[in-house]
Amino acid sequence: MFVRDRMTKNPYTIPSSTTIADAVALFREKGFRRFPVVDNGKLVGILTKEDIQTVSPTKATSLSIFEVNYFLSKITIKEAMTKKVITIEADNLLEEAAVKMRENKISTLPVLEDGKLVGIITQSDIFEAFIDLLGFREKGSRITIETKDVPGGIADISEIFYSFNINITHIAMYAGDGVRDLIIRSSVLDTSELEKRIKEKGYKIKHVLINDK
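Overview of the structure.

About the thresholds
- Residues numbered from 1 in each chain as written.
- Predicted model: local features only at pLDDT ≥ 70, side-chain atom pairs only at ≥ 80, totals over all residues.
- Heavy atoms only, no water.
- Phe/Tyr/Trp six-rings, centres within 6.5 Å; stacked < 30°, edge-to-face > 60°.
- Helix = DSSP H or I, 4+ residues; strand = E, 2+ residues; numbered from the N terminus.
- Buried < 20%, exposed > 50% of the residue type's maximum accessible area, 1.4 Å probe, protein only.

### Describing the packing of aromatic side chains
And then number 1: Enumeration over the complete set of coordinates arrives at 4 aromatic pairs.
And then number 2: Between the aromatic rings of tyrosine 12 and phenylalanine 32, the centroid separation amounts to 6.5 Å while the plane-to-plane angle is 55°, which identifies the pairing as tilted. Note that tyrosine 12 is positioned in the loop between strand S1 (8–9) and helix H2 (20–30) and phenylalanine 32 in the loop between H2 and strand S2 (34–39), a separation of 20 residues in sequence.
And then number 3: The class of tyrosine 12 is partly exposed, set by a relative accessible area of 37%.
And then number 4: Between phenylalanine 27 and phenylalanine 35, the aromatic rings sit 4.8 Å apart at their centres with planes inclined by 50°, giving tilted as the arrangement.
And then number 5: The class of phenylalanine 27 is buried, set by a relative accessible area of 5%.
And then number 6: A relative accessible area of 0% places phenylalanine 35 in the buried class.
And then number 7: Three or more aromatic residues joined by ring pairs make a cluster, and in this case those are Tyr12, Phe27, Phe32 and Phe35.

Below, the structure is given as structure tokens:
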């Protein structure tokens, strides 16, 4: 799965000349948590609500409300935005985006293509992709089977599903110490006979989840 498949395309952007007051109003109006900052078609920064707090007068200030409003109407987001923006390419893998966010302790990556901003991808987008990849919201069954970490292990178990004419819709594997947990999803709701055959083949079933809604 690629970043372009999960990113928000053509994100709302603001120029660096935007005042703090206008940026605050935009955050309230749009309900966003961040804005890519673009000048003349080039990404020059990214602004979050937290960034604004670093330049805004605190409640402890001696300024009057009129002075505060004047301050916010004159200072631009260029003073608050993050200028060294970590980005990712649209054709990069989703896993690469996740690793980049993890390593840099950030929750958002502007997405570039040929040097131009074409989207934005967040942690929430990656969480959604993970859920979809495992088919968690889909109707059917989810069986976790313990298998040895040997060549042909998945094929042998898949053959059992094939013998019942069951189509595997999602599959994932988690590595352990010499063994692996193989997670298989299908649209079948009654897995009793399937479970019996899997056990007869010498495999341990660790968990079964049926989603009939």
